Amino acid sequence: MTKTTDVVALNDWYVVTFADEIALGHSERTRLLGQDLLLSRDAAGAFGCVMLLDDGAQVPVPQVVERYGFVWVTLGEPTRDIVSVPEFADHERKFIHRGRIGVPTSGQRIIENFFDLSHFSFVHTGTLGAYDAAEVPRYAVEFRDQDSELWAIGCSFVQPKASAVADLSSTVYYDYRIPSPFISIIYKDSLIRQGRKDVIGLFIQPLDEERCTVHSFALVYDERNSPTHILHFYHEIFAQDRSILIHQVPRKLPISPRREIPTISDASSIAYRRWLDRSGLEFGLDRTAG
Ligand SMILES: [Fe+2]
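Residues numbered from 1 in each chain as written. Predicted model: local features only at pLDDT ≥ 70, side-chain atom pairs only at ≥ 80, totals over all residues. Heavy atoms only, no water.

(A) Representation of the sheet that holds strand S7 (residues 70-74). Judged by pairing direction, the sheet is antiparallel, and its 3 strands sit side by side in the order S1-S7-S6 without closing on themselves. Sheet topology places strand S1 (14-18) and strand S6 (63-67) at the edges, where each strand pairs with a single neighbour. Between one strand and the next, the sheet's axes are offset by a mean angle of 30°, whatever the strand orientation. Examined bridge by bridge, S1 and S7 share 4 bridges and lie antiparallel to one another. Across the sheet, the residue bridging to Tyr 14 is Val 73, located in S7. (Pairing = 2+ DSSP bridges. Helix = DSSP H or I, 4+ residues; strand = E, 2+ residues; numbered from the N terminus. Axes fitted to C-alpha atoms, helices over the stretch in contact; angles between N-to-C directions.)

Next comes the structure, spelled out in structure tokens:
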């Protein structure tokens, strides 16, 4: 597949690497939206990026920006800025870079799984959920900023071990934010700092419609555990998600409500699919009618 012509996809911002993953003076081939890229870092640390065309030509990508420690590019003309996550500047939180993980499915499948509450008890048994507490309490869905962001708010779930620092099972409250079809961020009540939120996010790099690299991070209050220990906690969780994601068919996310039967706990999933439909996005979606 060659570069997509989907302008909705092209006009968005995507993480293509964590800055520290490319040494000074080095370059790395990567891919975005079906387009091969060469990402390079000069001796002073500045990033550049070119599209590698089939005829051998190299064309600079329109914009390359380093923000939050990640390198962002767009292949089009974005109408808005890179997502604002002010918590990156709060140094009381531990920043955990969760690495990049390849997943052979669409970015939308990964995002939808991330905010699906009903899978906790069955996929993350013993940490984010338990068999005897599988009910999903009601929550609300909101569209914000002229429909540019989807939020699921007032979510709660009984979690045996909600984070690396959790000692006891507790009901955990959180909100999900989806500021782009390929980004999801959780704001989850800190278990040790009352009134504060841990922030956990996924920045999806869609290589192709059915193949992605997931760049993820956590900004958590945790003075007890080492970053490595916290990282292991999250890697175990994501390995469980990945084992589910690789078996979902079709890999592109179906948009028609008749393709997959939703239940009451899927309010955020239904909203996500309708929101994607309204956006005009084609890349990574299965728009076959039911
Ligand atoms: Fe999960």
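From this point, things continue past the structure.
(B) Expanded view of the packing of aromatic side chains. Taken as a whole, this structure holds 20 aromatic pairs when the rule is applied. Centre to centre, the rings of Phe 114 and Tyr 176 are 6.4 Å apart; their planes meet at 75°, and the pair counts as edge-to-face. With Phe 114 in helix H2 (residues 107-114) and Tyr 176 in strand S11 (residues 170-180), the pair connects residues that are 62 residues apart, well separated along the chain. Its relative accessible area of 11% is what places Phe 114 among the buried residues. A relative accessible area of 0% places Tyr 176 in the buried class. Measuring from centroid to centroid gives 5.7 Å for Trp 151 and Tyr 187, while their planes differ by 15°, and the two rings are stacked. With Trp 151 in strand S10 (residues 149-159) and Tyr 187 in strand S12 (residues 183-189), the pair connects residues that are 36 residues apart, well separated along the chain. An aromatic cluster is present here, built from Phe 18, Tyr 68, Phe 70, Trp 72, Phe 88, Phe 95, Phe 203 and Phe 217 joined pairwise through their rings. Across the ring face of Tyr 174, the terminal group of Lys 188 is positioned such that the distance to the ring centre comes to 5.8 Å. (Phe/Tyr/Trp six-rings, centres within 6.5 Å; stacked < 30°, edge-to-face > 60°. Buried < 20%, exposed > 50% of the residue type's maximum accessible area, 1.4 Å probe, protein only. Lys NZ or Arg CZ within 6 Å of the ring centre and 35° of its normal.)

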